[in-house]
Amino acid sequence: MPAEIHPFPESRRSVYMDANATTPLLPEVFEAMAPWLGDQCGNPSSAHAHGRAARAAVEVARQQVADLLHCAAMEVVFTGGGTESDNLAIFGVVAPGAHIVTSAIEHHAVLHAVERLEQQGCAATWLPVNEGGRVNPEEVRRALRPGTRLISVMMANNETGVLQPLEAIGRIAREHGILFHVDAVQAAGKVPIDVKCIGCDLLSISGHKMHAPQGTGALFLREGLKLEPMFWGGAQELSRRAGTENVAGIVGFGKAAALARAGLFDGGVQRMARLRDDLERGILLEAENAAVNGFGMPRVPNTTSISFGGVEGAVLLAVLDRLGLSVSGGSACTAGAAEGSHVLKAMGIPQEQASASLRFSLSKLTSCEDINFAIWQVAEALGRLRTDAGPETNRGEAAAGPAL
């Protein structure tokens, strides 16, 4: 049995830098939700006063989300999260036998949905990315064929934060009369989103990535586009998503969307970018053989993926956790996956470097003190690992962590 690992004294403080996995609920969001978690109740489909009040609250939130996306309120469909929004978009417009174009770095909510459609008789083209993690729009054009029904390319990668050239892809989709879906889960609230400028027909976002409660999401569905629902039941969401609306969650989602939209204009996003850049500079100064994955590419302001030469990423992650710093090895949805990051692999990053990569993702609540703490703890953890592990330590021994 490995020796028990005790927290370092510094671990009495805790800093959270895994906002791409989920974000804390903002106080203003909780305040907006509170009445709907208590005495104020009502089914939005009910005709009495309580029901009408619930309906009004849902529609206010719908407009707040629409304002964030620059679309009409009726084009917003509330869902149970980003995965459902992605699945609803893809399964809702693609029938067996069709052809789909997507990228090799999509979130698994898209990847696995497309793989399922392949099993049902669809064909798929998986677009490569360059070493910076970006799709070449001309690769999209070359992938099209007579039976192409849908192009699905994410806005911001969940691991590297790299932004895709969506407007160019949108123009290609329009030129050929092909539907265009965008997974904007990691972009919403961090960069401006205008569905008309993008030229997309469907766009997915998630509440808990932008300080709203978990279990909330939305799908932009262009007016006039018919969608096959995934759930059958009532006529909620204009018969596009059956089931009684999560009123408290939707109200919180709407409030978070309004706050996110304000943050795009009040300097909040620029502040986050400066903190992210400070974090990168500090870590690269303190850590030997460290590199930023996707550096030099346009990225969302809160995300950095850094590889650490000479250490195992899973071990470094565990040590940082015990030091009080919460970060991620990549997508929270694939934590512990033996095959490693499909995103870094698609970028051509060697397996050894990919397995030594960690993702740091900031939120609205991240402070300068948090950045300094993270830099210090990364340097401390690396120093301890490289001292304790030694050159003969194999992967199995390292997985248990150093005796601290």
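All of the points below concern the structure found in this document.

Procedures and definitions
Residues numbered from 1 in each chain as written. Predicted model: local features only at pLDDT ≥ 70, side-chain atom pairs only at ≥ 80, totals over all residues. Heavy atoms only, no water. Core = buried A, V, L, I, M, F, W, Y, C linked by side-chain atoms within 4.5 Å. Buried < 20%, exposed > 50% of the residue type's maximum accessible area, 1.4 Å probe, protein only. Contact = heavy atoms within 4.5 Å. Helix = DSSP H or I, 4+ residues; strand = E, 2+ residues; numbered from the N terminus. Pairing = 2+ DSSP bridges. Axes fitted to C-alpha atoms, helices over the stretch in contact; angles between N-to-C directions. Left-handed = near helix turned anticlockwise from the far one by under 90°. Nonpolar A, V, L, I, M, F, W, Y, C, P; charged D, E, K, R; others polar. Disulfide = S-S within 2.5 Å. Salt bridge = Lys/Arg side-chain N within 4 Å of Asp/Glu carboxyl O. Polar contact = N/O pair within 3.5 Å; in protein donor to acceptor, adjacent residues only side chain to side chain. Expected span 1.5 Å × (residues − 1).

### A look at the nonpolar core
Within the largest apolar cluster, 66 residues are counted, with the highest numbers of intra-cluster contacts made by Leu69, Ile151, Met155, Phe180 and Leu203. For Leu69, the contacting residues outside a window of four places in its chain are Ile193, Asp194, Val195, Leu203, Ile205 and Phe220. Listed in part, the 30 residues of the second largest apolar core include Leu275, Ile283, Leu320 and Leu382.

### Let's talk about the environment of Ser46
Tracing the backbone through its elements, the reader meets Ser46 in the loop between helix H1 (27-37) and helix H2 (49-69). Spatially, the C-alpha atom of Ser46 lies 45 Å from that of Ser14, the residues being 32 residues apart in sequence. Those residues in contact with Ser46 that lie beyond four places of it in its chain are Gly51 and Arg52.

### Things to note about the sheet that holds strand S10 (residues 303-308)
Spatially, the three strands line up as an open sheet ordered S9-S10-S12, and their pairing is antiparallel. Every other strand in the sheet has two partners, leaving strand S9 (290-293) and strand S12 (357-361) as the edge strands with one partner each. In this sheet, neighbouring strand axes are inclined to one another by 30° on average, regardless of whether the strands run parallel or antiparallel. Across four bridges, S9 lies against S10 in antiparallel orientation. Residue pairing across strands places Asn293 opposite Ser305, the latter belonging to S10. Its contacts with the sheet put helix H10 (residues 268-286) on S9, S10 and S12, and the angle it makes with S10 is roughly 10°.

### A few points about the sheet that holds strand S3 (residues 99-103)
On the basis of which strands lie adjacent, the open sheet formed by seven strands has the order S2-S8-S7-S6-S5-S3-S4 and mixed pairing. In the strand order of this sheet, the two ends are held by strand S2 (76-79) and strand S4 (123-127), each with one partner. The average undirected angle you get between the axes of adjacent strands in this sheet is 20°. Contacts between helix H4 (residues 108-119) and the sheet are confined to S3, S4, strand S5 (148-152) and strand S6 (179-183), with S4 contributing the most and set at about 145° to the helix.

### Describing unusual backbone geometry
For His70, which is not glycine, the phi dihedral falls at a positive 60°. Relative to the elements of secondary structure, His70 occurs in the loop between H2 and S2. Using a relative accessible area of 35% as the deciding quantity, one classes His70 as partly exposed. Look at Ser239: it is not a glycine, yet its phi comes out positive at around 65°. In this fold, Ser239 is placed in helix H8 (residues 236-239). With a relative accessible area of 44%, Ser239 lands in the partly exposed category.

### Description of the packing of helix H3 (residues 82-93) against H4
Contact pair H3 / H4: the axes reach a minimum separation of 9 Å and the direction vectors enclose 35°. Remark: the crossing between H3 and H4 carries right-handed chirality. Of H4, the residues touching H3 (which contributes Thr83, Asp86, Asn87, Ile90 and Phe91) are Ala109, Val110, Ala113, Val114, Arg116 and Leu117. Its residues assigned to classes, the contact of H3 with H4 comprises seven nonpolar, two polar and two charged.

### Some details on the state of the cysteines
One pass over the structure, following the stated rule, counts zero disulfides. Between Cys71, a free cysteine, and Cys200, which holds the nearest cysteine sulfur, the sulfur-to-sulfur gap is 9.1 Å. Under the relative-accessibility criterion, Cys200 is labelled buried at 5%.

### Comments concerning the side chain of Thr22
Along the chain, Thr22 turns up in the loop between strand S1 (15-16) and H1. You can call Thr22 buried: its relative accessible area is 18%.

### A few points about the pattern of salt bridges
Taken as a whole, this structure holds 16 salt bridges when the rule is applied. Here Arg241 ties to Glu84 by a salt bridge, and the two come within 2.7 Å at their closest N and O atoms. Highlighted residues: Arg241 in the loop between H8 and helix H9 (247-263) and Glu84 in helix H3, separated in sequence by 157 residues. The exposure classification of Arg241 matches that of Glu84, with both residues buried.

### Quick notes on the side chain of Arg62
With respect to the helices and strands, the residue Arg62 is situated in helix H2. Exposure remark for Arg62: the relative accessible area of 6% places this residue in the buried category. A polar contact is formed between the side chain of Arg62 and the side chain of Glu59, at a distance of 2.9 Å. Excluding residues that lie within four positions of it along the chain, Arg62 makes contacts with Arg55, Ala73, Val76, Val77, Phe78 and Glu237.

### With respect to H3
Under the 1.5 Å per step criterion, the end-to-end length of H3 is 17 Å for twelve residues, consistent within 8% with the ideal 16 Å. Along H3, the residues that are buried comprise Gly82, Glu84, Ser85, Asp86, Asn87, Leu88, Ala89, Ile90, Gly92 and Val93.

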